[in-house]
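# A structural walkthrough
What follows is the residue order along each chain.
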Amino acid sequence: MVAITLPDGSVRPFERAVSGADIAAAIGPGLAKAALFVRVDGEIKDLAHTVDADAKIAIVTVKDKEALTLIRHDCAHVMAEAVKELFPETQVTIGPAIENGFYYDFARQTPFTPDDLPKIEARMKEIIDRDEPIQREVWDRDKAVQFFKDQGEHYKAEIIAQIPIGESISLYCQGKFVDLCRGPHLPSTGKLPKAFKLMRLAGAYWRGDSRNEMLQRIYGTAWANEKDLAAHLTLLEEAEKRDHRRLGREMDLFHLQDIAAGAVFWHAKGWTLYRTVQDYMRRRLAKAGYDEVSTPQLLEKSLWEASGHWQKFRDGMFTTELENQTLGLKPMNCPGHVQIFRHGMRSYRDLPIRMAEFGACHRNEPSGALHGLMRVRAFTQDDAHIFCTEEQIGPETKSFCELLLSVYKDFGFTDMVVRFSDRPKVRAGEDATWDKAEALLLKAAHDAGIETVPNVGEGAFYGPKLEFVLKDAIGREWQLGTLQLDLVLPERLDATYVAEDGQKHRPAMLHRAILGSFERFIGILIEHHAGRMPLWLAPTQAVVATITKAADAHAQAVHAALGDAGIRATIDLSNETINYKVRESSLAKIPLILVVGEREAQDGTVAIRRLGGARQEVVALKDAVAKLAAEAQPPGL
RNA sequence: GCCGGCGUAGCUCAAUGGUAGAGCAUCCGCUUUGUAAGCGGCAGGUUGCGGGUUCAAGUCCUGCCGCCGGCACCA
């Protein structure tokens, strides 16, 4: 006798042990058909799983959120089956569900080509139509290893060999395809929705290690139904339209060129945007008690050796030789800042010292890592280092967090996740120091009203980190700001201050950035706003467009008045229709179009048309300028 | 760096191994226009760079460079 408790609280008795499928069938034929998995006391199992004791049961259908991940996993298996049918010489390895879909890594001599994807997709649909039962079997370890070896599946055999002794080895069979897998899986391939699409091919290292051989990965996206799939594909198109590389070209902001891979050519408009962001940051930092400094680009190797960068990041540094010396182009600003701190005696009365620099740094990023503005070799950080006493770590962290939140808000970002990265395996410093540092940082973040998610073992070797991850308008995540507590570098570079006791002490150092790099931040800004910048950031804030030549003089007066009020405006007196001019400036994503025709010239007014809006507002020139100048003011001024 | 794909006019894209084209933009005319493309015309190219195969290479082979998608990396 087995008592099954259903989600509504009702209890159904069964004579003997039952499977999830039996339970679904007992409830009703509709559910029996829709059933994909069964949840037994919170744990999701195959529908065929036998329940032989009293339990809380829920039948999982495609409507359940958890089902989607499992469906994606099944989709990976069906893909693997299709690949094995089409290309029998291929070895299978692993194929998990991931965000929005799945992938499967294959090993084979000849790589797949993009033409293979539609073929594989078609075969997958055949496999679904065949409705092959998917059956779980538990095998003896040695038998399983031998089986996969006999099949020529050496990767699978290797995976089994590494499963801890005592854990059961489960295999899933569908058609002729047998795969090692923990499961759970659908009862049959026919249950898999056909709402999937194979997206791309990629290389991927076996076990994620670049010393290993490279496998062929196929990525796919999979959803509960066609509608969700279509929505996802639309979202991808949307993301493509927002791509900062595309918008950067269309809006004439910047370009990248072979002759300087990984470095940005900022055009006038892009540089205006850059300077607007930088000027804003400069004001915010000054207000928050930071002192701006500037340190050299090229510094002797001995400094990088002392700081530890030479040992750890030498490959990532650009160097040059000069009269028997090796100089390194700075990859970071901190060692330079410590030199300023060390220059002369520091008293505890001077602390905290908040030293800021818009430091231009160079890092020799691997060629494959470069990506538009997001990953470059030459960039400028909104970097600062706070030298302080241990007691000041808490308050300094708190005020930094507050500054950061306020800055993000001004740029239109409100959705944020903060990761707390604690001690890594390889680290410097005593455990007691780490205990203290981690506790201080965590408490200070919480005092600033910030919730953190743990990011275990991901801290810097010298101290724990807060990482600020923003979500943009279409839900993508970007890591921007960081705060790192460092008790190591002051030691290595011998920074000291004289404390109340007259003795020399080591300051603590907080490495911190809000935007990260200007290049990357501007890339994110462009994508977040889809190029339609808030008025204060728009490189060109307004265009004055005439309808006829008769309005030229008035248009020039309007343009001049806007310029005097500090508004970045251009004027379009060209021999084109107003339709054309509106279209052009709209495509250029200029926030304001001031239309001037004979009527406006006569009345001394302007017609204000906002980007994307259909309505216009006719206002006296003087009022328009005052109103727009106020609107265009950067925040916090 | 590794795997795969790609590189043709400013942009988007054509061109069986056989004379490199189109649309948009630029420029020049005409049109003087009322809220997302008025009309016409001129011009625009060492097909990323270097080798090779061939009577003939944008196309095939090869070496670089760069870009794209991943992987690895990201102080």
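Residues numbered from 1 in each chain as written. Chains lettered and ligands numbered in written order. Predicted model: local features only at pLDDT ≥ 70, side-chain atom pairs only at ≥ 80, totals over all residues. Heavy atoms only, no water.

### Details of the packing of aromatic side chains
What the rule picks out here adds up to 20 aromatic pairs. The interplanar angle of 75 degrees and the centroid separation of 4.7 Å between the aromatic rings of Y155 and W206 together place this pair among those described as edge-to-face. With Y155 in helix α6 (residues 154–161) and W206 in the loop between β14 (196–205) and β15 (214–222), the pair connects residues that are 51 residues apart, well separated along the chain. Here W206 falls in the buried class, since its relative accessible area comes to 6%. Each residue in the set F254, W266, W271, Y274, F358 and F518 is aromatic and connected to the rest through ring pairs, giving one cluster. A cation sits over an aromatic face here: R108 above F87, 4.5 Å from the ring centre. Here R108 stacks its cationic end above the ring of F112, 4.4 Å away from the centre of that ring. (Phe/Tyr/Trp six-rings, centres within 6.5 Å; stacked < 30°, edge-to-face > 60°. Helix = DSSP H or I, 4+ residues; strand = E, 2+ residues; numbered from the N terminus. Buried < 20%, exposed > 50% of the residue type's maximum accessible area, 1.4 Å probe, protein only. Lys NZ or Arg CZ within 6 Å of the ring centre and 35° of its normal.)

### Description of the packing of helix α13 (residues 393–410) against helix α14 (residues 431–447)
Across the interface, α13 lies against α14 with an axial gap of 8 Å and an inter-helix angle of 45 degrees. It follows that α13 is oblique to α14 by the angle criterion. Handedness of the crossing formed by α13 with α14: right-handed. Seen from α13, the contacting residues are I393, G394, T397, K398 and C401; seen from α14, they are L440, L441, A444, A445 and D447. Tallied by class, residues from the contact of α13 with α14 come to six nonpolar, two polar and two charged. (Axes fitted to C-alpha atoms, helices over the stretch in contact; angles between N-to-C directions. Parallel < 35°, antiparallel > 145°, perpendicular 65-115°, else oblique. Left-handed = near helix turned anticlockwise from the far one by under 90°. Contact = heavy atoms within 4.5 Å. Nonpolar A, V, L, I, M, F, W, Y, C, P; charged D, E, K, R; others polar.)

### Side note on the protein's contact with RNA strand B
Neighbouring RNA strand B are 53 residues, the closest being R200, S367, K549, N575 and Q616. Of what RNA strand B places within 4 Å of the protein, 49% of the atoms are sugar or phosphate. Take K549: an N or O atom from its side chain is 2.3 Å from a base oxygen of RNA strand B. Between Y580 and RNA strand B, the recorded distance is 3.4 Å, taken from a side-chain N or O atom to a phosphate oxygen. Residue contributions to the surface near RNA strand B peak at seven residues, all from helix α18 (residues 578–587). Looking at the surface near RNA strand B, its residues break down into 21 nonpolar, 17 polar and 15 charged. (Near = heavy atom within 4 Å. Polar contact = N/O pair within 3.5 Å; in protein donor to acceptor, adjacent residues only side chain to side chain.)

### Remarks on the domain arrangement of chain A
The domain architecture assigned to chain A consists of domain 1 (2–60), domain 2 (67–239), domain 3 (254–528) and domain 4 (542–631). Spacing between the C-alpha centres of domain 1 and domain 2 amounts to 28 Å. Facing ten residues of domain 1, the contacting portion of domain 2 comprises eleven residues. Of the roughly 750 Å² buried at the junction of domain 1 and domain 2 (both faces included), carbon and sulfur atoms supply 68%. Of all residues in domain 1, the largest losses of buried area upon contact with domain 2 belong to L36, F37 and D46, amounting jointly to 68% of the total for that side. When residues of the side of domain 1 that touches domain 2 are traced back to their parent elements, those giving at least two are α2 (29–34) and β5 (43–46). Tallying contributions element by element places β5 first for the side of domain 1 that touches domain 2, with three residues. Residues belonging to the side of domain 1 that touches domain 2 are distributed by class as follows: seven nonpolar, no polar and three charged. (Domains from an automatic or database assignment. Buried area = accessible area lost by both parts, 1.4 Å probe.)

### Considering the sheet that holds strand β34 (residues 605–610)
Reading across from one edge, β32-β31-β33-β34-β35 is the order of the five strands in this open sheet, with mixed pairing throughout. Bordering the open sheet on either side are β32 (569–572) and β35 (616–620), each of which pairs with just one other strand. In this sheet, neighbouring strand axes are inclined to one another by 25 degrees on average, regardless of whether the strands run parallel or antiparallel. Inspection of the sheet shows strand β31 (residues 542–546) paired to strand β33 (residues 592–596) by five bridges, in the parallel sense. Residue pairing in the sheet places A542 in a bridge with L592 of β33. Against the sheet, α18 touches β31, β32, β33 and β34, its axis set at about 170 degrees to β31. (Pairing = 2+ DSSP bridges.)

### Considering the pattern of salt bridges
In this structure the tally under the stated criterion is 40 salt bridges. For D105, the salt bridge goes to R217, with nearest N and O atoms at 2.6 Å. Residue D105 is found in strand β10 (residues 101–107), and its partner R217 is found in strand β15; the two are separated by 112 residues along the sequence. Residue D105 shares its accessibility class with R217, and that shared class is buried. A network of salt bridges, in which partner residues are shared, links E81, E85, R123, E126, R130 and E132. (Salt bridge = Lys/Arg side-chain N within 4 Å of Asp/Glu carboxyl O.)

### Quick notes on the confidence of the model for chain A
Across chain A, the average pLDDT comes to 94, with 100% of residues at or above 70. Under the prediction, the complex receives an ipTM of 0.95, its pTM being 0.93. (pLDDT = per-residue confidence, 0-100.)

### Let's talk about helix α9 (residues 268–287)
Look at α9: 28 Å from first C-alpha to last across 20 residues, which is about the 28 Å you get at 1.5 Å a residue. Residues of α9 that are buried: G270, T272, L273, Y274, T276, V277, Q278, Y280, M281, R284 and L285. Looking at the buried residues of α9, the elements they touch are β17 (265–266), β22 (353–362), β23 (378–388), α13, β30 (508–517) and α16 (518–528). One or two residues past the end of α9 sits G289, with phi positive at roughly 85 degrees. (Expected span 1.5 Å × (residues − 1).)

### Quick word on the sheet that holds strand β20 (residues 319–322)
Taken in spatial order, the three strands line up as β19-β21-β20 in an open sheet, and their pairing is antiparallel. The open sheet has two edge strands with one neighbour each: β19 (298–300) and β20. Looking at each pair of strands side by side, their axes are set apart by 35 degrees on average, direction ignored. Pairing analysis gives four bridges linking β20 to strand β21 (residues 325–329), with the strands arranged antiparallel. For T319, the partnering residue across the bridge sits in β21 and is G328.

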